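# Breakdown of the fold
Chain by chain, the residues run as shown.
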Amino acid sequence: MQLEKHSLLHNFVRFVSATISSLLVFCLYSIVDGLFISHGVGEYALSAVNLALPFMNLLFAIGVIFAVGSSTIIAIYLGQGKGEKASSLFSQNVALLLCTGLVISVLAFLFLTPFARILGAQGVTLDYTRHYLMGLAPFSVCFILSNSLEVLVKTDGYPRLAIISVVTGCLTNCVLDWVAIFVLGWGTFGAAVATGISQLVTCVIYFSHFLRGHSTFRLVRFKMDWSIYRRLIPLGIPDGMTELFNGVMIFLFNRTILQQIGQDGLVSYTIIAYVNTLVVNLMVGVAQGAQPLVSYQLGRRNLAGCRTLLRYGFCTIAGFTVLCLAGLYLFASPIATIFLGADNAALTNYSVFALRRYLLCYAFLGSNILISGFLTAVEWPQASIILSAGRGLILQAGCLFILALTFGGDSIWFAPALSEAICLVLSISFLRRFWSKKAAQEKHSVKTTSRQSA
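Definitions and cut-offs
- Residues numbered from 1 in each chain as written.
- Predicted model: local features only at pLDDT ≥ 70, side-chain atom pairs only at ≥ 80, totals over all residues.
- Heavy atoms only, no water.
- Phe/Tyr/Trp six-rings, centres within 6.5 Å; stacked < 30°, edge-to-face > 60°.
- Helix = DSSP H or I, 4+ residues; strand = E, 2+ residues; numbered from the N terminus.
- Buried < 20%, exposed > 50% of the residue type's maximum accessible area, 1.4 Å probe, protein only.
- Contact = heavy atoms within 4.5 Å.
- Axes fitted to C-alpha atoms, helices over the stretch in contact; angles between N-to-C directions.
- Parallel < 35°, antiparallel > 145°, perpendicular 65-115°, else oblique.
- Left-handed = near helix turned anticlockwise from the far one by under 90°.
- Nonpolar A, V, L, I, M, F, W, Y, C, P; charged D, E, K, R; others polar.
- pLDDT = per-residue confidence, 0-100.

This part covers the packing of aromatic side chains. Taken as a whole, this structure holds 19 aromatic pairs when the rule is applied. With a centroid separation of 5.8 Å and 55° between ring planes, the pair formed by F60 and F143 is classed as tilted. Placement of F60 in helix α2 (residues 43–79) and of F143 in helix α6 (residues 140–155) is noted, with a sequence separation of 83 residues between them. You can call F143 buried: its relative accessible area is 0%. Geometrically, the ring pair formed by Y269 and W413 is tilted, given 6.2 Å between the ring centres and 35° between the ring planes.

Right under this line is the structure:
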């Protein structure tokens, strides 16, 4: 990483902007699928895509766990001047993800219908969901590797390549979606295949980078070191849990909505899920973009640099929070209309009603994600895991069920805001504890040095 040539602010802007851009474009894959399916197949087919989203979240979560964990360790290795160890870890990680993706593909094909039913598909949505999963399954390894390599390319110091790769994949997806749905008439299966091929394209671009030989770390022969995963997996779990729990919460919301509101409520939540994916990726982009920089400074024992990067992160999150709250509240109606068209007035109005209540969680979400990512970057994975599990599943699921049982269907849209607010209290507590511990360590180090000098 050529980080010494530029200031912390320059590197922060460069890495964060690249990460945000690539993540936002990356999440356009599912949104493009949704728009084409909604207008080319129907709104209930759109619901089927939402039902299948937890499967995609699982694939992304696996990629993120290994990407963030290996990225953090690789960045520390590079900060310590251990390039050979970085290349060995990168190579064995790629091999492991290849095998994992192939296993998932086989299992998805063998248990396609039971899996679709578990996700909540029934009646008119069952065939749509099965077809979508059938199109995704062969490309499982591409989803996992693309998401993982996108993070590692930025760790290698090439954030622009990540943007180029993701934009190329998104454009490929748009073109193939149109061909598959409107020309070939392949429906949800065609939309899924288009998305899978676009992921394959990004993988080819990333591998070409690491095979050309000018990267800081590269594919090399390696001896499998399973012990490194005792360090790697805990570092990646918090971010992976954020992605995985997003899928779990979509699943739980789907179930609760079907019971409390009905099929039309599921259509409204599908739109909210797309919006939520954009906002979450925007906030995650700040956290993930800063992570390799923080880890690099940690490897150099520059805690002042870590603190400065965290301050930059909070300022960026604050700006995005205001933008998201104001923008989504004002443009809730046009957003719903984009998916549903002008002929579904009643469903559009309810979608606006639900979205404006759900978006209150964005007042707290960004800070929680940033603090969790920072604690991962400085190798405090236990605290980060607690925060990810709390905000991603435990607190939100608890608030969802309590509100649904106590106040009825429409109250469930406030569940994310309540859970994120509670989690922010925990996040601030963990962050203060981290800085207090580091201050105590520095004080002890100064005393020890003074005694040795005396």
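With that out of the way, let us pick up the side chain of Q92. Tracing the sequence through the fold places Q92 in helix α3 (residues 83–110). Here Q92 falls in the buried class, since its relative accessible area comes to 1%. Discounting residues that sit within four places of it in the chain, Q92 has contacts with F222, K223, M224, D225, I228 and Y229.

The next subject is the packing of helix α7 (residues 159–183) against helix α8 (residues 187–211). Two elements in contact, α7 and α8, have axes whose closest approach is 8 Å; the angle formed by their N-to-C orientations is 155°. The orientation of α7 with respect to α8, classified from their angle, is roughly antiparallel. Our pair here, α7 against α8, has a crossing hand that is right-handed. Seen from α7, the contacting residues are L161, A162, S165, V166, T168, G169, T172, N173, L176, D177, A180 and I181; seen from α8, they are G187, G190, A191, A194, T195, I197, S198, V201, T202, I205, Y206 and H209. The residue makeup of the contact of α7 with α8, split by class, is 12 nonpolar, 11 polar and one charged.

What follows deals with the confidence of the model for the protein chain. Residue-level pLDDT values for the protein chain average 82, and 94% of them are 70 or greater. Taken element by element, the protein chain is modelled with least confidence in helix α9 (residues 229–260), mean pLDDT 77, and with most confidence in helix α11 (residues 303–330), mean pLDDT 91.

With that out of the way, let us pick up the environment of S295. Mapped onto the fold, S295 is located in helix α10 (residues 263–299). Between the C-alpha atoms of S295 and L393, which are 98 residues apart in sequence, the distance is 27 Å. The contact partners of S295, leaving out residues within four places of it in the chain, are T72, A75, I76 and A377.

With that out of the way, let us pick up the environment of K85. If you trace the backbone, K85 turns up in helix α3. Here K85 falls in the partly exposed class, since its relative accessible area comes to 45%. Between the C-alpha atoms of K85 and I74, which are 11 residues apart in sequence, the distance is 7.9 Å.

Our focus in this paragraph is the environment of V68. Its place among the elements puts V68 in helix α2. V68 sits in the buried class, given a relative accessible area of 1%. Each C-alpha atom of the pair V68 and D239 lies 7.3 Å from the other, and the pair is 171 residues apart in sequence. In contact with V68, other than residues within four places in its own chain, are L235, G236, D239, Q288, Q291 and T376.

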